[in-house]
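# A structural walkthrough
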Amino acid sequence: MTGNRVSYTLESTLESVNKAEELSSQLAAQAGFGEDECQKISMAVREAAVNAVLHGNAYDPKKKMTVSYENTGGELVIRVADQGKGLDVSHIPDPLAPENLLKQSGRGIFLMRAFMDEVRFRTLDPGSEVTLIKKVAAGAPADTKEASK
Amino acid sequence: MTMKASTRQMDGVTIVDLSGRITLGEGSVILRDTIRDLVGKGSKKILLNLGDVTYIDSSGIGELVSAFTTVRNQGGELKLLNLTKKVHDLLQITKLYTVFDVKDDEATAISAFTK
């Protein structure tokens, strides 16, 4: 049903990152996205989940990652939240700058922005939340099941 | 699918056949350990065959960059072989396609290493 939101509370582990990625791919397919778009969406979510688990929660077993999916009919909206110390996106270097090209890390948020139509960041208390938005193609089904796990 | 790496020698070039996912965790660690092991043994010409790599995330990209710089800093060369379209596109949007020497034919790649 359009507008329903599915939310998962996950441990701060790499298994949770993989689960968030798999769920994203399944739900994107249900929302009517093609294979390439599903992969882009699931990759953006993977990057957000890695940030949440690794940089946000720092694998702390007491801290959880929450991933929610909502198909508004016009958009697939995915939110990934952590309970870490927060993220200041204004100080993240441009990974395409010549001096950063050969750096090992720092491409996650860039990839999220490359693969999604809109990426928003919000500070929580505690933690941070990234909202990933992909516009649903006209005529595609708007269907996410209502659930909470 | 977990990542697998196997190495073979051809005309003085060490070819590393990679398959599976190069992602944060096991995949990245296997690639890192493989490169460190080869560099430690003195390999200076390394060709990474990515033909069977199904998926790569930003950590995997970072590991490829790290492999490239590690080998180069030891005076060696690292080239990439057989990129899938997905990996090719990923290297394009991250502007790394021009950083790496990318080949799509093994014989051509081997002959492209400095003699």
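Because the structure is a prediction, the values reported are computed rather than measured. (Residues numbered from 1 in each chain as written. Chains lettered and ligands numbered in written order. Predicted model: local features only at pLDDT ≥ 70, side-chain atom pairs only at ≥ 80, totals over all residues.)

From N to C terminus, chain A includes three helices and six strands. When its helices and strands are written in sequence order, chain A yields β-α-α-β-β-α-β-β-β. The burial tally for chain A puts 40% of its 149 residues in the buried class. Considering only contacts in chain A between residues 6 or more positions apart, those separated by 24 or more positions represent 70%. (Helix = DSSP H or I, 4+ residues; strand = E, 2+ residues; numbered from the N terminus. Buried ≥ 20, exposed ≤ 12 C-beta atoms within 10 Å, placed from the backbone. Contact = placed C-beta atoms within 7 Å.)

Our focus in this paragraph is the packing of helix α2 (residues 35–56) of chain A against helix α3 (residues 108–115) of chain A. Residue and element names in this part refer to chain A. Across the interface, α2 lies against α3 with an axial gap of 9 Å and an inter-helix angle of 150 degrees. Here α2 is positioned roughly antiparallel relative to α3, judged by the angle of their axes. α3 is crossed by α2, and the crossing has left-handed handedness. Contact with α2, carried on its side by Lys40, Ile41, Met43, Ala44, Glu47, Ala48, Val50 and Asn51, involves Gly108, Leu111, Met112 and Phe115 of α3 and no other residues of that element. Residues of the contact of α2 with α3, tallied by class, amount to eight nonpolar, two polar and two charged. (Axes fitted to C-alpha atoms, helices over the stretch in contact; angles between N-to-C directions. Parallel < 35°, antiparallel > 145°, perpendicular 65-115°, else oblique. Left-handed = near helix turned anticlockwise from the far one by under 90°. Nonpolar A, V, L, I, M, F, W, Y, C, P; charged D, E, K, R; others polar.)

This part is about the interface of chain A and chain B. The interface of chain A with chain B comprises 15 residues on the first partner and 15 residues on the second. Elements with a minimum of two residues in the side of chain A that touches chain B: α2 and α3 of chain A. Top contributing element to the side of chain A that touches chain B by residue count: α2 of chain A, with four residues. Per-class residue counts for the side of chain A that touches chain B are nine nonpolar, three polar and three charged.

A few words now on the pairing of strand β3 (residues 75–81) of chain A. All names here are of chain A. Judged by how many residues are buried, β3 sits mostly within the fold: five of seven residues are covered. When β3 meets strand β5 (residues 128–135), the two strands line up antiparallel, connected through seven bridges. If you follow Ala81 over to β5, its bridge partner there is Glu129. (Pairing = 2+ DSSP bridges.)

Glancing now at the pairing of strand β2 (residues 64–71) of chain A. Residue and element names in this part refer to chain A. Relative to β2, strand β1 (residues 5–11) runs antiparallel, the two being bridged by seven bridges. Along β2, the bridge assignment pairs Leu10 with Met65. Note: β2 against β3, six bridges, orientation antiparallel. Bridging across to β3, Glu70 finds its partner in Val77.

Quick look at the sheet that holds strand β1 (residues 4–10) of chain B now. Residue and element names in this part refer to chain B. With respect to topology, five strands assemble into an open sheet ordered β1-β2-β3-β4-β5, the strand pairing being mixed. Of all strands in the sheet, those bounded by a partner on one side alone are β1 and β5 (101–103). Strand-to-strand twist in this sheet, taken as the mean axis angle between neighbours without regard to direction, amounts to 25 degrees. Inspection of the sheet shows strand β3 (residues 45–56) paired to strand β4 (residues 77–81) by five bridges, in the parallel sense. Among the inter-strand pairings, Lys45 is bridged to a residue of β4, identified as Glu77. Here helix α2 (residues 58–73) sits on the sheet in contact with β2 (13–22), β3 and β4, set at roughly 145 degrees to β4.

Below, the discussion takes up the nonpolar core. If you look at the biggest cluster of nonpolar residues, it comprises 34 residues, and the most contacted ones within it are Ala44, Val45, Ala48, Ala49 and Val80 of chain A. When residues of this core are traced back to their parent elements, those giving at least two are α1 (14–30), α2, β2, β3, α3 and β5 of chain A. Considering each element in turn, this core owes the most residues, 10 residues, to α2 of chain A. When sequence neighbours within four positions are dropped, the list of residues in contact with Val80 of chain A reads Val45, Ala48, Ala49, Ala52, Met65, Val67, Glu129 and Val130 of chain A. Counting 31 residues, the second-largest nonpolar core is a separate cluster that includes Met3, Val13, Ile61 and Leu64 of chain B. (Core = buried A, V, L, I, M, F, W, Y, C linked by C-beta atoms within 7 Å.)

A separate point is the confidence of the model for chain A. Put simply, chain A has an average pLDDT of 90, and 90% of its residues get 70 or more. In the model, residues 143–149 of chain A has pLDDT below 50 throughout and makes 18 contacts with residues more than four positions away in sequence or in other chains. (pLDDT = per-residue confidence, 0-100.)

Residues and elements named next belong to chain A. Interhelical geometry of α1 versus α2 gives an angle of 150 degrees and a closest axis separation of 8 Å. When the axes of α1 and α2 are compared, the pair comes out roughly antiparallel. Considering the relative orientation of α1 and α2, their crossing is right-handed. The segment α1 lies against α2, with Ser16, Val17, Ala20, Glu21, Ser24, Ser25, Ala28 and Ala29 engaging Glu37, Cys38, Ile41, Ser42, Val45, Arg46, Ala49, Val50 and Val53.

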